[in-house]
Amino acid sequence: MEREIIEHNKTRSLRLDTGYMYQESVKDPITNGVVGFLSMVKESDYSFSYINFNMDTKMGIFYIEEDSVFIEPFRNLVADDEEFRIEDDYSERFIRLFKDDKGGVILEVHMLPGEYDISIELKNIMFDLRSQADQDGKDTKKRLSQFFDELVQVYDKMPEEEQQKLVNQRDA
């Protein structure tokens, strides 16, 4: 089951199958081509992917607007912290999330030098000391589990395909 919505010229979708998946693609306003893609997945592991279609090695930045249908799960993920970090179990890559003064949430994808696409993996969605997320008393996996549960609630509020066309026309 998948639902898709276009907000602020960004395609955002949720897929609920064997796991949960949030995806976002950002288009260039001039060429209308996709320039950035983010995927956040909860299955047996947590997996986060970023692709920069411009082949640019700069940090990926995504913005969840304060009026987005997805804003509450992202705000709750950051909670009252200054920032929330999702650190890869296999490298120095990470995603940093923080709130801005307008009520939106910024996601910064930090890559290794020379990379333009990455994957960030957290071993096992359950407690697993092999995962950095379960070391030093961090609550990363607990917060990610709650985040994906909240996305399921958003899915139920998203318009179905025939209603989606009307939403897209209003945003155009």
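Here is what the cut-offs are and how they apply
- Residues numbered from 1 in each chain as written.
- Predicted model: local features only at pLDDT ≥ 70, side-chain atom pairs only at ≥ 80, totals over all residues.
- Heavy atoms only, no water.
- Helix = DSSP H or I, 4+ residues; strand = E, 2+ residues; numbered from the N terminus.
- Rg over C-alpha atoms; globule rule 2.2 N^0.38 Å.
- Buried < 20%, exposed > 50% of the residue type's maximum accessible area, 1.4 Å probe, protein only.
- Areas by Shrake-Rupley, 256 points an atom, 1.4 Å probe, with all protein chains shown as cover.
- Lys, Arg positive; Asp, Glu negative; His and termini not counted.
- Charge placed at Lys NZ, Arg CZ, Asp CG, Glu CD.
- Pairing = 2+ DSSP bridges.
- Axes fitted to C-alpha atoms, helices over the stretch in contact; angles between N-to-C directions.
- Expected span 1.5 Å × (residues − 1).
- Phe/Tyr/Trp six-rings, centres within 6.5 Å; stacked < 30°, edge-to-face > 60°.
- Lys NZ or Arg CZ within 6 Å of the ring centre and 35° of its normal.

A. Quick look at the overall build of the protein. Along the backbone of the protein there are three helices and ten strands. Going residue by residue from the N terminus, the α and β elements of the protein occur as β-β-β-β-β-β-α-β-β-β-β-α-α. The C-alpha radius of gyration computed for the protein amounts to 16 Å, which stays within 12% of the reference 16 Å derived for 172 residues, consistent with globular compactness. Over its C-alpha atoms, taken along the principal directions, the protein stretches across nearly 50 × 35 × 35 Å. Each of the 172 residues in the protein was classed as buried or not, and the buried ones make up 45%. Entry remark: accessible area of the protein is about 9500 Å², with carbon and sulfur atoms responsible for 48%. The positive charge centre, built from 22 side chains, and the negative charge centre, built from 38, are 1 Å apart in the protein.

B. Representation of the sheet that holds strand β3 (residues 20-27) in the model. An order of β1-β2-β3-β4-β5-β10 is seen for the six strands of this open sheet, with the pairing classed as antiparallel. Each edge of the open sheet is held by one strand with a lone partner, namely β1 (2-7) and β10 (117-122). When the angles between neighbouring strand axes are averaged without regard to direction, this sheet yields 10°. Bridging between β1 and strand β2 (residues 10-16) involves six bridges; their strand directions are antiparallel.

C. Local environment of helix α2 (residues 140-157). Taking 1.5 Å per residue as the helical rise, α2 with its 18 residues ought to reach 26 Å, and the 26 Å between its terminal C-alpha atoms agrees with that figure. If you check which residues of α2 are buried, you get Thr140, Lys141, Arg143, Leu144, Phe147, Phe148, Glu150, Leu151, Val154 and Tyr155.

D. Structural view of the pairing of β10. The side-chain alternation of β10 yields one buried face, formed by Ile118, Ile120 and Leu122, and one unburied face, formed by Asp117, Ser119 and Glu121. Bridge count between strand β5 (residues 46-52) and β10: six bridges; the pairing is antiparallel. Following the sheet pairing, Ser47 is matched in β10 by Glu121.

E. Summary view of unusual backbone geometry. Of note, His8 is a non-glycine position whose phi angle comes to about 50°, a positive value. The backbone phi angle of Ala79 is positive, close to 60°, even though this residue is not glycine. Relative to the assigned elements, Ala79 resides in the loop between α1 (71-78) and β7 (84-87). Under the relative-accessibility criterion, Ala79 is labelled partly exposed at 28%.

F. Quick peek at the packing of aromatic side chains. Counted according to the given criterion, the structure contains seven aromatic pairs. Measuring from ring centre to ring centre gives 4.9 Å for Phe74 and Phe147, while their planes differ by 70°; the resulting arrangement is edge-to-face. With Phe74 in helix α1 and Phe147 in helix α2, this residue pair connects regions lying 73 residues apart in the sequence. The burial state of Phe74 is the same as that of Phe147; both residues are buried. Feature note: the residues Tyr20, Tyr22, Tyr46, Phe70, Phe74, Phe147 and Phe148 constitute an aromatic cluster, connected by ring pairs. The ring centre of Tyr155 lies 4.5 Å from the NZ or CZ of Arg3, which sits over that ring. Directly above the ring of Phe94 sits Arg85, whose terminal nitrogen or CZ lies 3.6 Å from the centroid.

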